[in-house]
Number of protein chains: 2
Amino acid sequence: MADNVETIKFPEKWVRMISLTPPSLKDNTADADRLAGALKRELDTDFIHIDLSLIRMLPNFLRKCNYQVRCVIFRDRERYILAGVLDTKTESMAAGLAVDLGTSRVVIRLLDLENGLTLGESAFDNPQGAIGPDILVRIHFAGSSEGLKHLNGLIIEGLNREIQSLCETCGILPESIYLVTVAGNTAMTHLFLKIEPHWIIREPYIPATNRPGLVGAEELGIDINPFAQVMIFPNIGSYFGGDLIAGILFSGINKKQDTAILVDVGTNAEVVLGNENWLIACAGAAGPALEGGATRMGMMAGPGVIDKVTIDPVTKEFTIHTIENKTPMGICGSGLIDLAAQMFLARMIDIRGKFVPSNCRGRLKEIDGIYHLIVVSAQESATGKDLTISQVDLDSLIRSKAAMFTILETITGTVGVGLSELSTFYVAGTFGSFINPCSAISIGMLPDLPLESYKSLGNSSLGGAALVLTRPACLNDIDKIRDRITYMELNVNQDFMNRFSAAKFIPHTDTARFPSVKH
Amino acid sequence: MADNVETIKFPEKWVRMISLTPPSLKDNTADADRLAGALKRELDTDFIHIDLSLIRMLPNFLRKCNYQVRCVIFRDRERYILAGVLDTKTESMAAGLAVDLGTSRVVIRLLDLENGLTLGESAFDNPQGAIGPDILVRIHFAGSSEGLKHLNGLIIEGLNREIQSLCETCGILPESIYLVTVAGNTAMTHLFLKIEPHWIIREPYIPATNRPGLVGAEELGIDINPFAQVMIFPNIGSYFGGDLIAGILFSGINKKQDTAILVDVGTNAEVVLGNENWLIACAGAAGPALEGGATRMGMMAGPGVIDKVTIDPVTKEFTIHTIENKTPMGICGSGLIDLAAQMFLARMIDIRGKFVPSNCRGRLKEIDGIYHLIVVSAQESATGKDLTISQVDLDSLIRSKAAMFTILETITGTVGVGLSELSTFYVAGTFGSFINPCSAISIGMLPDLPLESYKSLGNSSLGGAALVLTRPACLNDIDKIRDRITYMELNVNQDFMNRFSAAKFIPHTDTARFPSVKH
């Protein structure tokens, strides 16, 4: 299949200006056939599909426009599909919507399909969180009577509300949206399409579909242009979803000669290693400590959340930075990594990640026999309570960082590539984009590469979804990524456990691997 | 396109037995992808589409059937489409429905897709007749507020009722119908698909679409299996519809070495001439006299309707045959042709079609100065009134038969084929099947060919629609017919009018053309 796909010449944009010769007695081609014929020539294809609902409006619309129109097209595997017809007046907008369909958070970006410019972006908590923050809970719930319908309704209605509101902000009508791309994990994709996710989590872990392809917006209940088409990113399997494919697409590692790595850090650490010739992927639990929620003060990035910490190694004084410089109210994953790195460099914790009370200068208190370090005192915090980090939190962070490093070691080891040979190290995820690589290296979570090797991608799933809207040829890349990728099941064997144990020290038992980290 | 299509290897039947290897940890292909993969191998294709609605039921259904299923497939241009999945128990039926979507009458035939056998057939008057028997009236009505919706509702509801009733008769559920083929004229096709037919009847006579292709039954509101697919025969233009293409397909003239002709006689005479290399078609008003409705006693074929008349040339005695031998209540087109032929042979009308009073022996009466011939007296008729035929009726018939003959002359003349060179003369249409070629030759409506050249096809549109359900490769022929056919606009010029005038005699001014007709 990949070979077939390879030969496709994609158009530059999904919107094409089409000028038709009006019909006459000598040329009485039907309206839809006339438009399809012109599009076939324009796109150099034999196959263009026009939905019945669109055919119905063509006769009057074409005449109103004197047979001069803009067509929004998209490609569905072997054929192009017409997703909308607009007049040639520039004030009528052909917009596209990219959706990062996250388990906890959904981010949408509105684009002008003609010039590729972003019109606006917004995010909302996945309303399915009301059923359960954990995707597993939702999958079980989907099996109950009306459960799937309810979960599907939550995400579709939530999306519709957000679209409506973003469109208002941007001053356009939802009817102006003709194309939507959706990148989500496999389970979220199923719930979004109202497909029973039951078998995804039962051995042998089989999704209903890995290639949902294109679906009409109307069929999905999305309140945008009724002819709009929704492209769902394909999955690789139950535990490797379209969000990751979108991320790979956005990173471009699939097109580079040099081998690079992409890490999407969240509850799961999803890792892709490869180059233009091969791609290998794996995912493993990196631990909740990295995402907020694990430590009592841990939380998602947001105003007032501590995202950077510096500790004077001599005075042990803390310099705290919060998002938008608001009064501190908690700490996010990246802040936690900074904190741990700084405490390690200030010898406030040892190489096992245990507090060194003598160096903590009165910041330590003991609750139920467990040490808690006061990061921000009650007087200075927005909550009126001490913001603390406990030994339990630290232990959890150590396990997470060890898991991450072990996964990185394992995947590179599998293909015989040294970590130091990696040309670029992409860190993705909203959370990933806040990580200070220097701190992550200091605690031994990320390998000790030159800092310039690290590139933050931000929300790479959203980026990949948006890319497809503005660069049609990317569709080709998606198929190629899908066809070329090898998914490696993480085999948690003795070898893995040995590596994991060695990585549970700061930065590592083998300090030679982290020459830049001076204790 | 035709060349692309040529290379397709169609399956023998639309139902395929598919045996899947159940998924395992080593083969975790998604359910829909697994089925699609097996179908791709089975059908030797790269492209198989499975609708989202069908994907939703696959996971549980495949497991219930142990991954052994029967698939109903169909082809939509470049790709196959899955129209249904059944278990392998033979008691679950995969049925198909062929529809002849006539302006006045709709005929449906239910088939077993697996063995091709007909399960049953039934017909109903097109409920749109309530708006107007004439398609023009309906097209105008469609332009009024809710007019199109109303007309569409009438035909869809009528069809649903008939399907329900036919299914009951045949002892199957409408849910067992997975494929539907619909052959109708261009305007009826538009109304069936709820497409505005406005521009079909306005110069330059442009349909909205000539290739509607495949549409989901659910989208059309047809109450059969929700995954069922409906294939609409393509049109050539506003005045040459899918019913004719189905007729050509059924006649097979497109596959014969020798040139043959196909005539579908109704309000319009639709004529197709050709062979395996070329096809030329034209249509012209043959006049309503041939279809019933024109003469006061004229009507559609049905019980009690006079379909055959013999007149003793000496005694001038009438022998009348009615359908089902019921008491006569009217006369249908074929009866009218018989009557005219017999009257001509009995010298009761002259070569201009005018009554010869001296030979009509008291059967003539004059009403408002116009001669009426009593065919059946009031005493013997089912209506209690004389069944008569007037000079006006005869004049109308003469014009109709002259038009038909002129059209036949014109189309054959255009390609330089003599009428006598035709290998076979197919007469189609429910009405056509009742025509006695001998009588039609006697009045000079059909050319004087050996009687064995004439073949009655019956309802060729229905036949063609049914053929597609049982012989998949026919889809190929449809595209070839469509791509190869030349539609000839009847140019009613002086030459045509001269021929028409010459044909307004019985059998013709040039009696040498009708050697078998002895006056």
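Residues numbered from 1 in each chain as written. Chains lettered and ligands numbered in written order. Predicted model: local features only at pLDDT ≥ 70, side-chain atom pairs only at ≥ 80, totals over all residues. Heavy atoms only, no water.

J.: For this particular structure, what's the right way to read the sheet that holds strand 16 (residues 330-331) of chain A?
T.: Adjacent strands of a sheet pair through backbone hydrogen bonds, lying either parallel or antiparallel. Residue and element names in this part refer to chain A. Across the sheet, which stays open at both edges, the three strands sit in the order 15-14-16 with mixed pairing between neighbours. Two strands close off the open sheet at either side, each with one partner strand: strand 15 (318-322) and strand 16. Pairing analysis gives five bridges linking strand 14 (residues 305-311) to strand 15, with the strands arranged antiparallel. Bridging across to strand 15, Val-309 finds its partner in Ile-320. Where helix 9 (residues 333-345) meets the sheet, its contacts fall on strand 14, strand 15 and strand 16, and the angle it forms with strand 14 comes to roughly 15°. (Pairing = 2+ DSSP bridges. Helix = DSSP H or I, 4+ residues; strand = E, 2+ residues; numbered from the N terminus. Contact = heavy atoms within 4.5 Å. Axes fitted to C-alpha atoms, helices over the stretch in contact; angles between N-to-C directions.)

J.: Help me understand the confidence of the model for chain A, please; the structure alone is not making it clear to me.
T.: Predicted coordinates in areas of low pLDDT are best not read in detail. Residues and elements named next belong to chain A. Of all residues in chain A, 94% have pLDDT values of 70 or greater, and the mean over the chain is 91. The model gives residues 291-297 a pLDDT under 50, and that stretch makes 25 contacts with residues more than four places away or in other chains. Under the prediction, the complex receives an ipTM of 0.90, its pTM being 0.90. (pLDDT = per-residue confidence, 0-100.)

J.: Looking at this structure, I do not really get the interface of chain A and chain B. What am I missing?
T.: Think of interface size as the accessible area that goes away when the parts come together; that is how it is often given. Listed as interface residues are 45 residues of chain A and, on the opposing side, 45 residues of chain B. Interface area, chain A with chain B, both sides summed: about 3,900 Å², of which 57% is carbon and sulfur. Where chain A packs against chain B, one counts four salt bridges. With a shortest N-O distance of 3.9 Å, Arg79(B) and Glu78(A) are connected by a salt bridge. Our enumeration of links across chain A and chain B arrives at 16 residue pairs in polar contact (both at pLDDT 80 or more). Elements with a contribution of two residues or more to the side of chain A that touches chain B: helix 2 (31-43), helix 3 (52-64) and helix 7 (217-220) of chain A. Top element by residues in the side of chain A that touches chain B is helix 3 of chain A. It accounts for seven residues. Within the side of chain A that touches chain B, the residues separate by chemical class into 20 nonpolar, eight polar and 17 charged. (Buried area = accessible area lost by both parts, 1.4 Å probe. Salt bridge = Lys/Arg side-chain N within 4 Å of Asp/Glu carboxyl O. Polar contact = N/O pair within 3.5 Å; in protein donor to acceptor, adjacent residues only side chain to side chain. Nonpolar A, V, L, I, M, F, W, Y, C, P; charged D, E, K, R; others polar.)

J.: How do you make sense of the relation of the copies chain A and chain B when you look at a structure like this?
T.: Here the second copy of the chain follows from the first by a rotation about an axis and a shift along it. Under the fitted operation, chain A is carried onto chain B by 0.1 Å of movement along the axis and a turn of 179°, and the coordinates agree to an RMSD of 0.3 Å. Accordingly, the operation relating the two chain copies is best matched by a two-fold axis. Relative to the rotation axis, the closest C-alpha in chain A is found at Glu78(A), a distance of 3.9 Å. A shared interface surface links the copies, since 100% of the contact residues of chain A are contact residues in chain B too. (Least-squares fit on C-alpha atoms with pLDDT ≥ 70 in both.)

J.: Any chance you could explain the sheet that holds strand 14 (residues 305-311) of chain B here in plain terms?
T.: Residue and element names in this part refer to chain B. The strand order across the open sheet built from three strands is 15-14-16, with neighbouring strands paired in mixed fashion. Taken across any chain shown, the strands that pair with only one partner, and hence form the sheet edges, are strand 15 (318-322) and strand 16 (330-331). Strands in contact with helix 9 (residues 333-345) are strand 14, strand 15 and strand 16; relative to strand 14, the strand with the most contacts, it is inclined by about 15°.

J.: I keep staring at the environment of Lys480(A) and nothing clicks. Help me out?
T.: All names here are of chain A. With respect to the helices and strands, Lys-480 occurs in helix 13 (residues 474-484). Using a relative accessible area of 22% as the deciding quantity, one classes Lys-480 as partly exposed. In sequence terms Lys-480 and Gly-184 are 296 residues apart; their C-alpha atoms lie 19 Å from each other. (Buried < 20%, exposed > 50% of the residue type's maximum accessible area, 1.4 Å probe, protein only.)

J.: Hey, could you run me through the packing of aromatic side chains in this one?
T.: Between two aromatic rings, the relevant description is the distance of the centres plus the angle of the planes. With the rule as written, the count across this model stands at 14 aromatic pairs over all chains. Here the aromatic rings of Phe355(B) and Tyr371(B) are separated by 6.5 Å at their centres, their planes lie at 85°, and the arrangement is edge-to-face. Placement of Phe355(B) in the loop between helix 9 and strand 17 (364-367) and of Tyr371(B) in strand 18 (residues 370-376) is noted, with a sequence separation of 16 residues between them. Looking at Tyr371(B), the relative accessible area reads 32%, which means it is partly exposed. The side chain of Arg63(A) reaches across the aromatic face of Trp199(B), ending 4.1 Å from its centre. Above the plane of the ring of Phe318(B) lies Arg363(B), whose end atom (NZ or CZ) is 3.6 Å from the centre. (Phe/Tyr/Trp six-rings, centres within 6.5 Å; stacked < 30°, edge-to-face > 60°. Lys NZ or Arg CZ within 6 Å of the ring centre and 35° of its normal.)

J.: Could you clarify how one ought to interpret the environment of Ser460(B) in this entry?
T.: Residues and elements named next belong to chain B. Here Ser-460 is to be found in helix 12 (residues 460-470). C-alpha of Ser-460 to C-alpha of Leu-249: the two residues are 211 residues apart in sequence and 8.4 Å apart in space. Apart from the residues within four sequence positions on either side, Ser-460 is in contact with Ala-246, Gly-247, Phe-250, Asp-264 and Ala-428.

J.: Would you mind going over the packing of helix 4 (residues 135-142) of chain B against helix 5 (residues 147-170) of chain B with me for this structure?
T.: The angle between the axes and the distance between the axes are what describe a pair of packed helices. All names here are of chain B. Across the interface, helix 4 lies against helix 5 with an axial gap of 7 Å and an inter-helix angle of 130°. It follows that helix 4 is oblique to helix 5 by the angle criterion. Here helix 4 contributes Arg-138, Phe-141 and Ala-142 to the contact with helix 5, which in turn contributes Gly-147, Leu-148, His-150 and Leu-151. Looking at the contact of helix 4 with helix 5 residue by residue, the class counts come to four nonpolar, two polar and one charged. (Parallel < 35°, antiparallel > 145°, perpendicular 65-115°, else oblique.)

J.: Any chance you could explain the nonpolar core here in plain terms?
T.: Proteins that are soluble and globular tend to have nonpolar side chains buried together. Grouped together as the largest cluster of nonpolar side chains are 112 residues, with contacts concentrated most on Phe192(A), Ile222(A), Leu35(B), Phe233(B) and Val272(B). For Ile222(A), the residues in contact, after removing those within four places along its chain, are Ile156(A), Leu159(A), Asn160(A), Ile163(A), Phe192(A), Ala217(A) and Val230(A). One finds Ala281(A), Leu475(A), Ile485(A) and Ala142(B) within the second-largest nonpolar core, a separate group that totals 111 residues. (Core = buried A, V, L, I, M, F, W, Y, C linked by side-chain atoms within 4.5 Å.)

J.: Whenever I open this one, the side chain of Asn459(B) confuses me. Can you help?
T.: All names here are of chain B. The residue Asn-459 is located in the loop between strand 21 (454-458) and helix 12 in this model. A polar contact of 2.9 Å, which involves the side chain of Asn-459, links it to the side chain of Asp-100. Residue contacts for Asn-459: discarding those within four places in its chain leaves Asp-100 and Val-107.

J.: Honestly, unusual backbone geometry in this entry has me stumped. Any pointers?
T.: Most peptide bonds take the trans configuration, and most residues that are not glycine carry a negative phi. All names here are of chain A. Cis geometry is found at the peptide bond from Glu-203 to Pro-204, where omega equals 0°. The residue Pro-204 is located in the loop between helix 6 (186-192) and strand 9 (213-216) in this model. The residue after Ile-506, namely Pro-507, is reached through a cis peptide bond having omega -10°. Mapped onto the elements, Pro-507 comes out in the segment after helix 14 (494-502). Positioned with a positive phi, Tyr-67 is a non-glycine residue whose angle comes to about 65°. Assignment of secondary structure puts Tyr-67 in the loop between helix 3 and strand 3 (68-76). A positive phi angle, near 60°, is found at Lys-316, a position not held by glycine. Checked against the element boundaries, Lys-316 lands in the loop between strand 14 and strand 15.

J.: Would you take a moment to explain the pattern of salt bridges for this structure?
T.: Pairs can form between side chains of opposite charge whenever their charged atoms are close. Residue and element names in this part refer to chain B. All told, the structure shown has 42 salt bridges over all chains when counted by the stated rule. Residues Asp-87 and Lys-89 are paired through a salt bridge, measuring 3.6 Å at the closest nitrogen-oxygen approach. Exposure remark for Lys-89: the relative accessible area of 48% places this residue in the partly exposed category. Linking Asp-495 and Arg-499 is a salt bridge whose minimum nitrogen-to-oxygen distance equals 3.1 Å. One end of the pair is Asp-495 and the other is Arg-499, both in helix 14 (residues 494-503) and four residues apart, which spans about a single turn. On the basis of relative accessibility, which here comes to 41%, the residue Asp-495 falls in the partly exposed class.

J.: Mind showing me how you'd approach the packing of helix 8 (residues 242-251) of chain A against helix 12 (residues 460-470) of chain A here?
T.: Residue and element names in this part refer to chain A. At a closest axis distance of 7 Å, the pairing of helix 8 and helix 12 adopts a crossing angle of 75°. Considering the angle they form, helix 8 stands roughly perpendicular to helix 12. Contact residues: helix 8 offers Asp-243, Ala-246, Gly-247, Leu-249 and Phe-250, while helix 12 offers Ser-460, Ser-461, Gly-463, Gly-464, Ala-465, Leu-467 and Val-468. For the contact of helix 8 with helix 12, the per-class residue count stands at six nonpolar, five polar and one charged.

J.: I would appreciate a short explanation of the side chain of Thr209(B) in the present structure.
T.: Turning to its location among the elements, Thr209(B) is positioned in the loop between helix 6 (186-192) and strand 9 (213-216). Of note is the side chain of Thr209(B), whose polar atom sits 3.1 Å from the backbone nitrogen of Arg211(B). Setting aside anything within four residues of it in sequence, one finds Thr209(B) in contact with Ala30(A), Ala32(A), Asp33(A), Ile55(A), His190(B), Ile195(B) and Asn235(B).

J.: What am I meant to see in the environment of Asp33(A) here?
T.: By the secondary structure assignment, Asp33(A) is in helix 2. The exposure class assigned to Asp33(A) is buried, which follows from its relative accessible area of 17%. Along the primary structure Asp33(A) and Ile55(A) are separated by 22 residues, whereas in three dimensions their C-alpha atoms are 9.6 Å apart. Among all residues touching Asp33(A), those that are not within four sequence positions of it are Ala208(B), Thr209(B), Asn210(B), Arg211(B) and Arg482(B).

J.: Sorry, what's going on with helix 2 (residues 31-43) of chain B here?
T.: Residues separated by three or four positions in an α-helix point in the same direction, a consequence of the helix having 3.6 residues per turn. Taking 1.5 Å of rise per residue, the 13 residues of helix 2 of chain B would be expected to cover 18 Å, and the 18 Å separating its terminal C-alpha atoms lies within 8% of that figure. Most of helix 2 of chain B sits inside the fold, with ten of its 13 residues counted as buried. Turning to helix 2 of chain B, the residues buried within the fold contact helix 13 of chain A together with strand 1 (15-19), strand 2 (48-49), helix 3 (52-64), strand 3 (68-76) and strand 4 (79-86) of chain B. Where helix 2 of chain B ends, the next residue or the one after it, Asp44(B), has phi of about 55°, a positive value. (Expected span 1.5 Å × (residues − 1).)

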